[in-house]
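As a plain string of letters, each chain reads:
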Amino acid sequence: MKLKEFFNRKNLFLALNLIFALLIWIGDSIFMENGALLAKGLTSVVFVIMGAVNLVFLILNKNKDFCFPAIILTGLVFAMLGDIILNIKGGFIYGAALFAIGHIFFFISYCFVLKFKWTDLIYGVVIFLPSILFITLAPIFDFGGVLMEIVCVVYAIIISLMVGKAIANFVRKKNWLTLILMAGSILFFFSDLMLLINVFAGLSKIFDILCLATYYPAEAILAFSIFVYNDNVLGREKVSEIKAE
């Protein structure tokens with residue numbers, strides 16, 4: 001494949017990513033305005049399509065390392081399903097379970113970016129310990145029963161480990177891929193924190209807005225990471241490295 005052909009193709013797929021990001025922003029805005037489940041479902045489908053298109057980009061460039069993109073795309077699919085189920089009456093636990101499975105897939109995919117080390121867990125522990133204390137001790141929450149509180153605690157542990165692995169990867173190897181994955185994961189965590197407060201504390205609507213305003217960008221960033229992954233698997237990690245000032 002000629003260099004010129006590659007860059008033309010790369011620019012085309014980059015433009016597609018920008019279009020998908022715009023569609024996600026529009027869908028997110030519509031859902032925040034009227035709360036229509038159809039709008040949310042379609043917007044979630046878009047970030048899955050975005051991830052799938054970026055996987056096609058890797059295939060067209062004859063890459064053979066599909067572990068990371070395939071697994072993270074699976075995580076995006078579970079997130080999409082969780083989105084839909086979460087907004088159906090009585091579906092919170094099932095939606096949370098689907099999201100948790102998605103986070104497990106994200107965590108596994110991060111291990112294909114940089115091999116898992118036990119020290120990676122330190123970052124997750126630092127995140128989930130205060131999270132659990134906040135969930136179980138903060139007087140603002142009303143979970144309506146022990147089961148729902150346990151669900152939230154287990155979910156907090158899973159997403160904290162995912163975020164912790166993303167942070168650990170960036171600390172171990174600073175490049176654009178690890179930065180993007182860390183940013184997407186942190187936004188995802190923040191969004192879920194806002195969702196927790198909005199659903200179980202019943203405070204200002206601002207928490208609902210913050211949840212949605214950070215959730216879809218998080219998913220879009222994770223979907224875009226498949227596109228960025230192309231540079232790494234083609235041996236251009238030096239091009240992607242973030243140079244220290």
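These numbers were taken from a predicted model, which means no experiment stands behind them.

**As for the pattern of salt bridges**
Then, number 1: On inspection of all chains with the given rule, the structure shows 4 salt bridges.
Then, number 2: The salt bridge partner of aspartate 83 is lysine 40, with a shortest N-O separation of 3.7 Å. Of this pair, aspartate 83 sits in helix α3 (residues 67–86) while lysine 40 is found in helix α2 (residues 37–60), placing the two residues 43 residues apart along the sequence.
Then, number 3: Judged by its relative accessible area of 2%, aspartate 83 is buried.

**A look at the environment of phenylalanine 224**
Then, number 1: Looking at where phenylalanine 224 falls in the secondary structure, it is placed in helix α8 (residues 206–233).
Then, number 2: Here the alpha-carbon distance between phenylalanine 224 and glycine 95, two residues 129 residues apart in the chain, equals 24 Å.
Then, number 3: Contacts of phenylalanine 224, omitting those with residues within four sequence positions, involve Leu14, Asn17, Met50, Asn54 and Ile180.

**Quick word on the side chain of aspartate 28**
Then, number 1: As for its placement among the helices and strands, aspartate 28 is situated in helix α1 (residues 3–34).
Then, number 2: Buried aspartate 28, no salt bridge; nearest opposite-charge side chain is lysine 40, N-O distance 8.2 Å.

**Some points on the nonpolar core**
Then, number 1: Among the nonpolar cores identified, the biggest contains 69 residues, and Phe47, Tyr110 and Phe188 are the most heavily contacted of them.
Then, number 2: If you list the elements that add at least two residues to this core, you get α1, α2, α3, α4 (92–113), α5 (121–137), α6 (146–172), α7 (176–200) and α8.
Then, number 3: If you tally residues by element for this core, the top one is α8, at 13 residues.
Then, number 4: Those residues in contact with phenylalanine 47 that sit more than four places away from it in its chain are Ile24, Leu76, Ala79, Met80, Asp83, Tyr215, Tyr216, Glu219 and Ala223.

**A word on the packing of aromatic side chains**
Then, number 1: With the rule as written, the count across this model stands at 18 aromatic pairs.
Then, number 2: Their ring planes at 15° and their centres at 5.5 Å tell us that phenylalanine 78 and phenylalanine 105 sit as a pair that is stacked. Here phenylalanine 105 lies in helix α4 and phenylalanine 78 lies in helix α3, a separation of 27 residues in the sequence.
Then, number 3: What makes phenylalanine 105 partly exposed here is its relative accessible area of 25%.
Then, number 4: Feature note: the residues Phe47, Phe99, Phe106, Phe188, Tyr215 and Tyr216 constitute an aromatic cluster, connected by ring pairs.

**Side note on α7**
Then, number 1: Given a rise of 1.5 Å per residue, 25 residues ought to cover 36 Å, and the 36 Å separating the end C-alpha atoms of α7 matches this to within 8%.
Then, number 2: Two to three positions downstream of the cap, the backbone nitrogen of leucine 177 sits 3.1 Å from a side-chain oxygen, assigning the N-cap of α7 to asparagine 175.
Then, number 3: A positive backbone phi angle near 60° is found at glycine 202, which sits one or two residues after α7.

**Overview of α5**
Then, number 1: Between its first and last C-alpha, α5 extends 24 Å over 17 residues, near the 24 Å set by a 1.5 Å rise per residue.
Then, number 2: Residues of α5 that are buried in the fold lie against α6 and α7.

**Thoughts on the packing of α4 against α6**
For any two helices packed against each other, one specifies the inter-axial angle together with the distance between the axes.
Then, number 1: At their nearest, the axes of α4 and α6 sit 9 Å apart, and the two run at 20° to each other. Taken together, the axes of α4 and α6 lie roughly parallel to each other. Helix-helix and strand crossings are classified by hand; for α4 and α6 the assignment is left-handed. From α4, Phe92, Ile93, Ala96, Phe99, Ala100, His103, Ile104, Phe106, Phe107, Tyr110, Cys111 and Val113 reach across to α6, where they touch Leu147, Met148, Val151, Tyr155, Ile158, Ile159, Leu161, Met162, Lys165, Ala166 and Asn169.
Then, number 2: Here the residues of the contact of α4 with α6 are counted per class, giving 20 nonpolar, 2 polar and 1 charged.

**As for a nonpolar patch on the surface**
Then, number 1: A surface patch of nonpolar side chains, about 590 Å² in accessible area, is lined by Ile19, Leu22, Leu23, Trp25, Ile26 and Ile30.
Then, number 2: Examined against the element boundaries, isoleucine 30 turns out to sit in helix α1.

Definitions and limits used
- Residues numbered from 1 in each chain as written.
- Predicted model: local features only at pLDDT ≥ 70, side-chain atom pairs only at ≥ 80, totals over all residues.
- Heavy atoms only, no water.
- Salt bridge = Lys/Arg side-chain N within 4 Å of Asp/Glu carboxyl O.
- Helix = DSSP H or I, 4+ residues; strand = E, 2+ residues; numbered from the N terminus.
- Buried < 20%, exposed > 50% of the residue type's maximum accessible area, 1.4 Å probe, protein only.
- Contact = heavy atoms within 4.5 Å.
- Lys, Arg positive; Asp, Glu negative; His and termini not counted.
- Core = buried A, V, L, I, M, F, W, Y, C linked by side-chain atoms within 4.5 Å.
- Phe/Tyr/Trp six-rings, centres within 6.5 Å; stacked < 30°, edge-to-face > 60°.
- Expected span 1.5 Å × (residues − 1).
- Polar contact = N/O pair within 3.5 Å; in protein donor to acceptor, adjacent residues only side chain to side chain.
- Axes fitted to C-alpha atoms, helices over the stretch in contact; angles between N-to-C directions.
- Parallel < 35°, antiparallel > 145°, perpendicular 65-115°, else oblique.
- Left-handed = near helix turned anticlockwise from the far one by under 90°.
- Nonpolar A, V, L, I, M, F, W, Y, C, P; charged D, E, K, R; others polar.
- Patch = residues over 30% accessible without salt bridge, like charges linked within 9 Å, V, L, I, M, F, W, Y side chains within 5 Å.
- Areas by Shrake-Rupley, 256 points an atom, 1.4 Å probe, with all protein chains shown as cover.

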